[in-house]
Amino acid sequence: MSAPEHLGIEQLHSWLVHAHAACVRYGELLNTLNEFPVADSDTGANVTHTLAGAARALTQADVIDFADAAAVASAGAVLGARGNSGMILAQCLLAFSESAQKAPSQGLRPVELVAALQAMARGAVKAVSHPVEGTFISAMRSAAQAGADTLDNSARPTLEEITATAAFGAQEAVVETVGIGHGPVDAGAGAIMLIMTALADVFNPQGDLTGTAVNMLTDLSQNNTSHKRVSGRSGEFEVMYLWNATAFQAERLRKGLGEIGDSVAVVGAVDSLNMGLFHVHVHTDNPRAALPPYGKARQVCIRRLRSSHTEPPTNPYGFNARGGSNVIPLERFSAKRPSKAARKVQNEIGVIACTRAPGLIVPLARAGAVVVLEPDSDAIVRAAGDIQNPNAFVLPCDEASISAAHAASRSLTSRAAVWALDDSNLGDDVLVAGDYASKSAGGVEALTRLKVADTSNEVAMFVTAMALGLAELENSSDVDEAAKLALMERTAWVTAVRMRVLEFSGVDAERIALAVAEALGEWTVTVTVLVGALADSDVAPLIRDAVVQKAQDMGIDEDLDINIYASHQDLDQVLVGLEGF
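Residues numbered from 1 in each chain as written. Predicted model: local features only at pLDDT ≥ 70, side-chain atom pairs only at ≥ 80, totals over all residues. Heavy atoms only, no water.

Caption draft 1: Highlighting the sheet that holds strand S5 (residues 350-355). Taken in spatial order, the 8 strands of this open sheet run S2-S3-S1-S4-S6-S5-S7-S11, and their pairing is mixed. Among the strands making up the open sheet, the edge pair consists of strand S2 (261-270) and strand S11 (449-452). Adjacent strand axes in the sheet meet at a mean angle of 20° when their direction is disregarded. Relative to strand S3 (residues 275-284), strand S1 (residues 237-246) is paired through 10 bridges, and the arrangement is antiparallel. Counterpart to Leu242 in the pairing with S3 is His279. Its contacts with the sheet put helix H15 (residues 481-497) on S5, strand S7 (391-395) and S11, and the angle it makes with S7 is roughly 10°. (Pairing = 2+ DSSP bridges. Helix = DSSP H or I, 4+ residues; strand = E, 2+ residues; numbered from the N terminus. Axes fitted to C-alpha atoms, helices over the stretch in contact; angles between N-to-C directions. Contact = heavy atoms within 4.5 Å.)

Caption draft 2: Local environment of the packing of aromatic side chains. Under the criterion given, the structure shown has 4 aromatic pairs. When the ring of Trp15 is compared with that of Phe96, the centres are 5.6 Å apart and the planes differ by 65°; the resulting orientation is edge-to-face. Taken together, the residues Trp15 in helix H1 (residues 9-33) and Phe96 in helix H4 (residues 83-100) connect sequence positions 81 residues apart. Here the aromatic residues Trp15, Phe66 and Phe96 are joined through ring pairs into a cluster of three or more. (Phe/Tyr/Trp six-rings, centres within 6.5 Å; stacked < 30°, edge-to-face > 60°.)

Caption draft 3: Representation of the packing of helix H2 (residues 43-60) against H4. Two elements in contact, H2 and H4, have axes whose closest approach is 7 Å; the angle formed by their N-to-C orientations is 35°. H2 and H4 meet at a crossing whose hand is right-handed. Contacts from Thr43, Asn46, Val47, Thr50, Leu51 and Ala54 in H2 reach Gly83, Asn84, Ser85, Gly86, Leu89, Ala90 and Leu93 in H4. Considering only residue class, the contact of H2 with H4 consists of 6 nonpolar, 7 polar and no charged. (Left-handed = near helix turned anticlockwise from the far one by under 90°. Nonpolar A, V, L, I, M, F, W, Y, C, P; charged D, E, K, R; others polar.)

Caption draft 4: View of the sheet that holds strand S12 (residues 499-505). Reading across from one edge, S12-S15-S13-S14 is the order of the 4 strands in this open sheet, with mixed pairing throughout. Every other strand in the sheet has two partners, leaving S12 and strand S14 (561-566) as the edge strands with one partner each. This sheet shows a mean twist of 15° between the axes of neighbouring strands, independent of strand direction. Two elements, S12 and strand S15 (residues 573-580), share 7 bridges in a ladder whose sense is antiparallel. Among the inter-strand pairings, Met499 is bridged to a residue of S15, identified as Glu579. Set on the sheet, helix H16 (residues 509-518) makes contact with S12, strand S13 (524-531) and S15; between it and S12 the angle comes to about 165°.

Have a look at this one:
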């Protein structure tokens, strides 16, 4: 059979499938290399999600020509993108798609392929606010340059030659990342190397450049080369969401995010009206400030990456029942939580906290939850994919989010094996299920199983999230997963049983304060108050004073904690949770 003269729809699909399969199989290797921009051990998972989105979109679409196929795949990558590395890859595939619009309908010839690789290299730089050498960007640029050199120096360059030299260029760049501060070798550069070798293997399956690349990564990962630290900052929280906007608005947001954080990516393509769906990513210490100033963000997910060196008080009112500290007792444990990189993800039970209160984002994330703001079923499914754990508790905040959580659970269950990708080069089938992919030898590895807790309001959700975070922190890593799951189920149930919830319209501060104080009993150990933005400005201090006085009269003031939060919701609602034994 003669070698193909174009990188056509069939080859594009094979490339995405092979690249996805390689990242599924060797994603854990990439995860262990991940130290930059933050050591959160998820580069392999993020790139896998992004490639799965691209491959799934192309598989399910009826395309008319190569340009259409490239556009469909890049749009799927944008929707599937996760994390900093996934966002950069999505931007690369968008650039590839834009370049493909100028190609023949059959696909890319060598000259158009080189142009597409060069566009991908520019796209990688465009995707981040502060490009850093020795990373994803360097590997993509090196691959593109190697392909261009072959085009210039060969009398009759073929696609096999172009793709092979591009793969070798990426490999050279990966070797050059050793010792410059991103870990034994940069994980993002390693991911690009796998993606480029997968492309080369499409045109020469016998070459098995992917196998060579994996051996190289394995060898480099075992190299104990000492390396200098890379200067730069990285925020405490990762914020991601989808946003419909114009190109001008997206660029303004990108600049604004660059002022409050790092690892900024605003990735998307616009239509003829200059409107588009953008995927936004940033690491920041101020997650609320990362939300768009106009328009509505969807699938907003926030998680904590690391401990902040200068953690601000998370109680906006700056007090609790005992005076003194402005860090509330319920989240003191969060400062002791190890960073994500220091924890073994497989030993954790994930917690997805649903909220409509922006003021609760920080304490919930510090308690170890993945926070979903303005939850719907798609956002909860997305959060389940981000957790990368086989089990997760979903904590709804109202009746609508309860329905969304159950819909997400049904969706994950029904999508346990959406389609199987035949991968003759890499061996066994690779199964892609929803937003989660896993290699399976004769069976489907289960998706994250969602357990929906009975939390029907914001304060119940918040207190339960804190209780689950504390239970997970105190529980020994030696306890097996089934025992930990049972413990956390009991913790959620006991928290609900021991809590009484009061709801007020916050326009009469004195009446509310007296009602809360009267509700205290000798059994009460914690009072948690969430105050809406439209409530009486005096309600928080009046509740504090009334509860403290009543606790002193009852002789329980030494054992009572009162924690008051501004929910930052445009409501006059005041929610109070009373916990006891």
